[in-house]
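If you want the building blocks of each chain, they are given just below.
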Amino acid sequence: MTNPATIAATAAPFERTALYPLHCELGAKMVAFAGYEMPVHYAAGILAEHLHTRSQAGLFDVSHMGQIRLGGAGVVTTFEALVPGDLEALAPLRMRYTLFLNEAGGILDDLMATRIGDGLLLVVNAARKEADLAHLRGRLPQAATVEPLLDRALLALQGPAAATVLSRYIAGVGRLGFMTAAEVELDGRKCLVTRSGYTGEDGFEISLPANAAEGFARRLLAEPEVLPIGLGARDSLRLEAGLCLYGHDIDETTTPIEADLAWTIGKRRRVEGGFPGAATVLRQLREGPARKRVGIRPEGRAPAREDTEIADPQGNPIGRVTSGGFGPSVGGPVAMGYVDRDHAAEGTAVELIVRGVPRPARVVRLPFIPARYYRG
Amino acid sequence: MSLLRFTRDHEWIRLDGDFAVVGITDYAQSQLGDVVYVELPEIGRRVDQGKEAAVVESVKAASEVYAPASGEVVEVNDALAADPAKVNADAMGEGWFLKLRLADAKELDGLLDEEAYRKFVEEQH
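Residues numbered from 1 in each chain as written. Chains lettered and ligands numbered in written order. Predicted model: local features only at pLDDT ≥ 70, side-chain atom pairs only at ≥ 80, totals over all residues.

### Some thoughts on unusual backbone geometry
Residue and element names in this part refer to chain A.
Alright, step 1. The step from L366 to P367 runs through a cis peptide bond, and the omega angle for that step is 0°.
Alright, step 2. Mapped onto the secondary structure, P367 falls in the segment after β19 (357-364).
Alright, step 3. Despite not being glycine, A34 shows a phi value in the positive range, around 50°.
Alright, step 4. On the secondary structure map, A34 appears in the loop between β1 (29-33) and β2 (36-41). (Helix = DSSP H or I, 4+ residues; strand = E, 2+ residues; numbered from the N terminus.)

### Comments concerning the sheet that holds strand β8 (residues 71-76) of chain B
Residue and element names in this part refer to chain B.
Alright, step 1. Judged by pairing direction, the sheet is antiparallel, and its 6 strands sit side by side in the order β1-β2-β3-β9-β8-β5 without closing on themselves. Every interior strand has two partners, whereas the edge strands, β1 (3-6) and β5 (46-47), have only one.
Alright, step 2. Looking at chain direction, strand β3 (residues 19-24) and strand β9 (residues 98-102) are connected through 4 bridges and run antiparallel. Residue pairing for β9: V21 is matched across the bridge by K99. (Pairing = 2+ DSSP bridges.)

### Regarding the domain arrangement of chain A
Residue and element names in this part refer to chain A.
Alright, step 1. Taken domain by domain, chain A holds domain 1 (1-288) and domain 2 (290-364).
Alright, step 2. With centres defined by C-alpha atoms, the gap from domain 1 to domain 2 works out at 27 Å.
Alright, step 3. Taken residue by residue, the interface counts 15 residues in domain 1 and 16 residues in domain 2.
Alright, step 4. For the side of domain 1 that touches domain 2, the secondary-structure elements that each account for two or more residues are α2 (46-55) and α7 (231-240).
Alright, step 5. In terms of residue count, the dominant contributor to the side of domain 1 that touches domain 2 is α2 (4 residues).
Alright, step 6. Of the residues belonging to the side of domain 1 that touches domain 2, the class tally is 5 nonpolar, 5 polar and 5 charged. (Domains from an automatic or database assignment. Contact = placed C-beta atoms within 7 Å. Nonpolar A, V, L, I, M, F, W, Y, C, P; charged D, E, K, R; others polar.)

### Focus on the nonpolar core
One broad rule of soluble globular proteins: the nonpolar side chains tend to lie buried together.
Alright, step 1. Ranked by internal contacts, the top residues of the largest apolar core, which has 124 residues, are L155 and L157 of chain A together with V56 of chain B.
Alright, step 2. Three or more residues apiece are contributed to this core by two domains, here domain 1 (1-288) and domain 2 (290-364) of chain A.
Alright, step 3. Residues in contact with L155 of chain A, not counting those within four places in the same chain, are L59, F60, D61, I206, A213 and A217 of chain A. (Core = buried A, V, L, I, M, F, W, Y, C linked by C-beta atoms within 7 Å. Buried ≥ 20, exposed ≤ 12 C-beta atoms within 10 Å, placed from the backbone.)

### Let's talk about the confidence of the model for chain B
Alright, step 1. Averaged over every residue, the pLDDT of chain B is 95; the share at 70 or more is 99%.
Alright, step 2. For this predicted complex, the interface confidence reaches an ipTM of 0.90, while the overall pTM sits at 0.95. (pLDDT = per-residue confidence, 0-100.)

### As for the sheet that holds strand β10 (residues 181-186) of chain A
Residues and elements named next belong to chain A.
Alright, step 1. Pairing is mixed in the open sheet, where 6 strands are placed in the order β10-β11-β12-β9-β3-β13. The open sheet is flanked by β10 and β13 (226-228), the only strands paired with a single partner. This sheet shows a mean twist of 25° between the axes of neighbouring strands, independent of strand direction.
Alright, step 2. Summarising the sheet, strand β11 (residues 189-194) and strand β12 (residues 203-209) pair through 3 bridges and their orientation is antiparallel. Within the sheet, the bridge partner assigned to T194 lies in β12 and is E205. (Axes fitted to C-alpha atoms, helices over the stretch in contact; angles between N-to-C directions.)

Shown next, in the form of structure tokens:
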């Protein structure tokens, strides 16, 4: 069979997060990802890790992601010129999902922005952090400070038991609202905890000093509800939750409207524009995009992977799968991809060309599983 | 006693008279992780040694399964459609893929015996 070994034999030096020794000790299978050696799964395996996160709580090391602090007078206003979100309206300790856009309205990266004091804390994709830093330094005025937080780790605790578990360490964290942040102390060290995540479940992300990460991770893993979760389950969880993966579901060739991310464009920004690619994006918002990102549910058991051709029932090509695989909680294959606008309506019959054979599928509403974010 | 042979691509083949049963090895299933889908050939299809005979998919990825020897497919393991996890639970037994009527049993001479395969897997690490 095709060589099942997944670690790439390459000379490139990989970076490691502060939790690297713990991953190895836990028996993780390590793979190269975005320049880092990261755990793809632990002893339990992807399927069990995925289901455990949906039933109890999973701990993810997401320290490879970029954490960037923006400061300086008026930085929120100048930062807003790079993204379509309404950041001016963001109250202190509130966070927003937004997008760096290019002049054509294409997506340079997707990110989380949290208002802290007069500045912002950004969490950006690992593979994009150098490009994002260059973009910020090139586009923000001299008065702005752009500081990558290199000595910070990032942990995510996700799942229905996450609030119960984290409350044992951070009093009152269970009352933190969805997409809000709190500055807290853990063992006397300053941390930022946000109620957010990438799984469709309730959960938290905790930004903490890198040298405090292993100790805190060990304590969380000692809790009976918590298992360590690798990148494999992180991917299947976010796919079932209908969330985009940069470089796959969104990139410089896709606009927020095509990507079905119009909700990230603030009301005021729709009127005022003033973000890169605004003319294109706002025209697509009025007239509808030529193609759209949709959920796709294959009718058989065969998964349709990224790059699978999507055809109409007559066999004419209408798009491509951008993420696809097996959804453990759905109990069958799930996919998302872009299709021509005439085929984007929910319930539309399509065909997926897997290994040269057309297989029936349907356009479905995202997410594949109901979101269970904390709503107070 | 039946003759058991292995390929360097991590398939096994067990000779039983003019017929042979084919599957993937325990090492292969452990590397793949949770198997969620198996695509088996049609009965009567001719397969050639070293060429694709089936597809096995884990949560992570799809992998081709190559025929350890040439022949005609006379039976497939239909139970894998409903329960592909049998490949993980019992790769060398209930997780078998297909049964061939061999074109030429001599093709098995070029394959590895159990001891040679064990050494081959060790060298992979």
